[in-house]
Structures are given as structure tokens and as C-alpha cells.
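These are the residues of each chain, in order.
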Amino acid sequence: MPRVLPPPCGLSSGHSLKLNSLSRSLTIFAANHGTRVHGKRLPKNLRYPRRDKLPPAFGTNLFLKKTSDDTEQTQVDPFDEEGLDLEIEEEAGGDNDVVWDQDEIQAISSLFKGRIPQKPGKFSRERALPLPLPYKLRPLGLPTPKKHVKLRSNGVSPRASVSEQVCRNPRFLIGLAREIGKLPPEENASKVLNKRLRFLRKGSLSLTIRELGHMCLPDKALQTFSWAQKQPNLFPDDRILASTVEVLARNHELKVPINLEKFACLANRGVIEAMVKGFIKGGSLNLAWKLLRVAKDHNRLLDSSIYAKLILELGKKPDRGMLALALLEELGEREDLNLSQQDCTAIMKICVRLRKFEIVASLFNWFKQSGHEMSVVVYTTMIHSGLVENKYREALPVVWEMEASNCLLDLPAYRVVIKLFAALNDLPRAVRYFSRLKEAGFSPTYDIYRAIIGIYLISGRLAKVKAVCKEAEKAGFKLDKQILSQLLLVESERR
């Protein structure tokens, strides 16, 4: 029995107990190992024990890269007493009922070492294809919302009733006019209209009446209007009235009211405009002028297009130029000026004919500043104005602006531009546009051939002059005496 060391003198009882327990543990350790305590150093693994291994950090890639720790873990230290103790504990715990399969052990160990081994079979993972975009936006089986229903060309939804679809269908209304036109003169239009009453609504017959006017049947149009007046679901309607007035005024069968001032005060604006349109189309320019003046005196402002149409017709006649200029001044004073491209170019052409070039320039600038889309017709009219005014240099910026806007040039545009460069004696540009004209598939007119021949004669290139003259004769044109005399004069000077 080993001897217990006595506590040294001067120590308390608590310190003596700690020393006795320490000496007792050293005695047990020495008995187990068969050696004495003094002179024996503790092994390295007991003095500096290893830390417990931590699981890998979340997000690290264990499949592509193996660290050096993995290789160190596979090497077993035979002198590691801690490892031996773990093996002894595993053997001691073998009596438990829990048995680990080999697959489970591999799965758990692969969490710390590497990738989980796959079972034999398909090695490539198949992913489901993504759904197409319409199925993500709106699943199948849901009804189409009403706001996505496409309207037809006449503005009627396909979900509308048959009557609603037919009452605004142009084919039906024009066919109705043709049926009325096939009737004998002695039969009334009501014979056809009574059969179609259930398909008609307010405003439907305005297109039928206008079509009867195009067929030169004003009497049938008046019969249609008289029949519509008796139908409470069709009349009163200003659209039918305006169409009837326009057809009768165009065919000179409208009884003009004696008191135009009273008519201008009581009539609707649409009816007054329809009457003026009918007078203009029928050639009754005096009546259209009078009605327009009466409407202006009574502060009945009509649409700008009415002024444009009347100016166009008055400008075609030399003795009516002053009336056209008076209307131009009234149109320029209006603050709500609204002209379409067709009306604007028509007024510009009339002003060129009346040699009012400042009005042409102001209209061009207004049309450009008002936000309208510039077209080749507007540019051509402005270039033609500079050509007629003999201001060739001022017209050149318009040509460059037209080229910069990427407008497709038509035959009138090529014609005006070639004449402009011929007037400027710019042979390269004139020939370039002449070649572009033929490449675009247009056939040059005689004045284009004449301009090219003239600029070649000025430059003294007789071979080119003869080639262009031959080309013009093949196209069916006969050269005038002035061109032939100039050609003979140049040839005589060369000799």
C-alpha cells in the first residue's frame, strides 16, 4: 500500500485536501502504468489535445476542391491514444440495437470528405423545361378579358348583337344603296328600307344617302331621308340631314333659302358645312362664298378644311384670285388653325400660282412647328416655290433637309430637284439624281430630259448630249426646235 505524503507545515486544511487528492491520482496513474510518477512526462497528445473537428462552413464547394485536411484525415496515427480510445468505445457500444448500413455511413462521411456517391443509373440530371411566357402571365382556362377584345375595322366588337354589327357595316349600307338604285324610277325607296328597318340605327343611313349621291340619284336620296323622318328610332339625326343637304347641293337640286342669314343662325354647324361642301363640289362657288361670308358675320366658325377646299377651287380660276387671297387672310387670323397635310399642300400650290411666296414659306414653317410629320409632298412644294421665285440657293437647305429625313423621293420630287440643280449649273448632282431616278424605276419626263440636255450643252459635253437625245427619242419624245438649234450651234463652234 503506497504511503500518502503528509501535508507540509503552515498550510490550511483546504489546501491539504487538494494536495491529498492530487497525490492520490498520481499514485493511481503510476499503478496503472507500472512505473513511478516522478521522471515520467505526459505524452504530446495529452499535453496538447486536438480540437474537435468542425463541420465545413455553409456554402463551401466540397465537390470540386479537396483540401489538405481531407488527406490528413485519411492517414491514421498508430500512436494516437485518443483514436484508440474511440475505437474501444465503438467496440463497447456494439451491444446496442442500432446498426448503421454501409450506404448511411458513406453518406454521413461524404458530408465531411466529398461528394455523395451516386447509385448506378442515369448520371445526367434532367430538368423540367420552363413554361412559355403566356402561360406564366395568364393560365389556361380563364376567359379573355373584355379590354383585350379586338374591334373590327368599323369599330364594332364581335360580341355585339347582329343588329349592332350590321347597322354600321359599310358593305351592308352600300349594298342597301345599290338595292335602292336598282328600283324602277316609279317605285319608292321605302320598299327596300321597310325590310331592313330592324337592322338600322341612328346615323346608319348617312352612308347610304352619300352613296346614292355618288350614283347620281338625288331623288332616291331624298326619298330615303323622307322615309327616315317617319321612323322615331332614326330621326331626328343631324348626320342624315347633313348628308342629304350635301347630296342635293352637289346635284343642284337644293332649294337655297332666300334668307341665308336666318338659315345661318338656326342651322347646325354640320349642316352649314355640308351645304358649303355640296356647293363647292357642284361648282357653285358663288353660293359657297356667300354662305361662308354670312356664317362669318354671325360668328359661326366653320372648319379650316372648308376654307382650304374653297381656296383651292377659287385659285384654279384666274379671275377669282382676289377672293382666294381674302380667304387666306381670314384663315391666317384664326388661332385654332388646323390643316391636314393635303389641305396645307393644296394652299401652298395655290399661293405659288398666285406668286405669294411669303405665304408658302410661313405655311411650311407652321406645318413643321405644329408637330406634323413632314412628307415628301411638303418638301417638294417648298422646293418648287423657290424654283419659281428664282431663289435657288434658298431652296438648297430644303433639299438637304429632305434627304436627312430619309423620305422616299417620288417622280415629282426628282423632277423638281433635277431642275433646281440644272438651274444652279451643278452638273454632278443633277446627273446623280438623274441616275437615282432611273434606278428607282421611274421613267423620266420630257422636261427632265430637257434639263439634263441643257446642262450637258452648257458644259460642252456633246457625246453625253447625243446619248441623252437618243434615249429621249427611244422613250417616244420629240425634241423641240430650241434644243436642236442649240445642239447645231455647239457643233458648229466645235468645227
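This text follows the structure it describes.
A brief look at the structure comes next.

Reading the values: the criteria
- Residues numbered from 1 in each chain as written.
- Predicted model: local features only at pLDDT ≥ 70, side-chain atom pairs only at ≥ 80, totals over all residues.
- Heavy atoms only, no water.
- Helix = DSSP H or I, 4+ residues; strand = E, 2+ residues; numbered from the N terminus.
- Buried < 20%, exposed > 50% of the residue type's maximum accessible area, 1.4 Å probe, protein only.
- Contact = heavy atoms within 4.5 Å.
- Areas by Shrake-Rupley, 256 points an atom, 1.4 Å probe, with all protein chains shown as cover.
- Axes fitted to C-alpha atoms, helices over the stretch in contact; angles between N-to-C directions.
- Parallel < 35°, antiparallel > 145°, perpendicular 65-115°, else oblique.
- Left-handed = near helix turned anticlockwise from the far one by under 90°.
- Nonpolar A, V, L, I, M, F, W, Y, C, P; charged D, E, K, R; others polar.
- Expected span 1.5 Å × (residues − 1).
- Arc of directions from axis to C-beta.
- Phe/Tyr/Trp six-rings, centres within 6.5 Å; stacked < 30°, edge-to-face > 60°.

Notes on the overall build of the chain
Working step 1: Looking only at helices and strands, the chain features 26 helices and 0 strands.
Working step 2: Among the 495 residues that make up the chain, the fraction classed as buried is 33%.
Working step 3: If you take every contact in the chain between residues at least 6 apart in sequence, the share linking residues at least 24 apart comes to 63%.
Working step 4: Here the chain has roughly 33,900 Å² of accessible surface; of this, 55% comes from carbon and sulfur atoms.

Let's talk about the packing of helix H18 (residues 341-353) against helix H19 (residues 357-369)
Working step 1: Contact geometry for H18 and H19: axes closest at 8 Å, N-to-C directions at 160 degrees. In this view, H18 runs roughly antiparallel relative to H19, as classed from their interaxial angle. Relative to H19, H18 is oriented so that their crossing is left-handed. Contact with H18, carried on its side by Gln341, Cys344, Ile347, Met348, Cys351 and Val352, involves Phe357, Ile359, Val360, Leu363, Phe364 and Phe367 of H19 and no other residues of that element.
Working step 2: Counted by class, the contact of H18 with H19 contains 11 nonpolar, 1 polar and no charged residues.

Things to note about helix H23 (residues 427-439)
Working step 1: Over its 13 residues, H23 runs 18 Å from end to end, which matches the ideal 18 Å to within 8%, given 1.5 Å per residue.
Working step 2: Along H23, the residues classified as buried are Leu427, Ala430, Tyr433, Phe434 and Leu437. The buried residues of H23 occupy an angular sector of 140 degrees when the element is viewed end-on, so they sit on one face. Among the exposed residues of H23, those pointing more than 90 degrees away from its buried face are Pro428 and Glu439.
Working step 3: Along its buried surface, H23 packs onto helix H21 (392-404), helix H22 (411-423), helix H24 (446-459) and helix H25 (462-474).
Working step 4: Looking at the residues trailing H23, positive phi occurs at Gly441, about 95 degrees.

Some points on the packing of aromatic side chains
Working step 1: If you walk through the whole model with that rule in mind, you get 10 aromatic pairs.
Working step 2: Where Phe225 meets Phe235, the ring centres are 5.6 Å apart and the plane angle is 80 degrees; that geometry is what we call edge-to-face. One end of the pair, Phe225, is in helix H11 (residues 218-229); the other, Phe235, is in the loop between H11 and helix H12 (238-250), with 10 residues separating them in the sequence.
Working step 3: Relative to Tyr433, the ring of Phe421 lies with its centre 5.5 Å away and its plane at 25 degrees, an arrangement referred to as stacked. Linking Phe421 in helix H22 with Tyr433 in helix H23, this pair joins segments that are 12 residues apart in sequence.

A word on unusual backbone geometry
Working step 1: With an omega of 5 degrees, the peptide bond running from Phe235 to Pro236 counts as cis.
Working step 2: Position of Pro236 relative to the elements: it lies in the loop between H11 and H12.
Working step 3: The phi angle at His252 is positive, at roughly 60 degrees, despite the residue not being glycine.
Working step 4: When you line up the elements, His252 lands in the loop between H12 and helix H13 (260-266).
Working step 5: Phi at Asn425 is positive, roughly 60 degrees, even though this residue is not glycine.
Working step 6: Mapped onto the secondary structure, Asn425 falls in the loop between H22 and H23.

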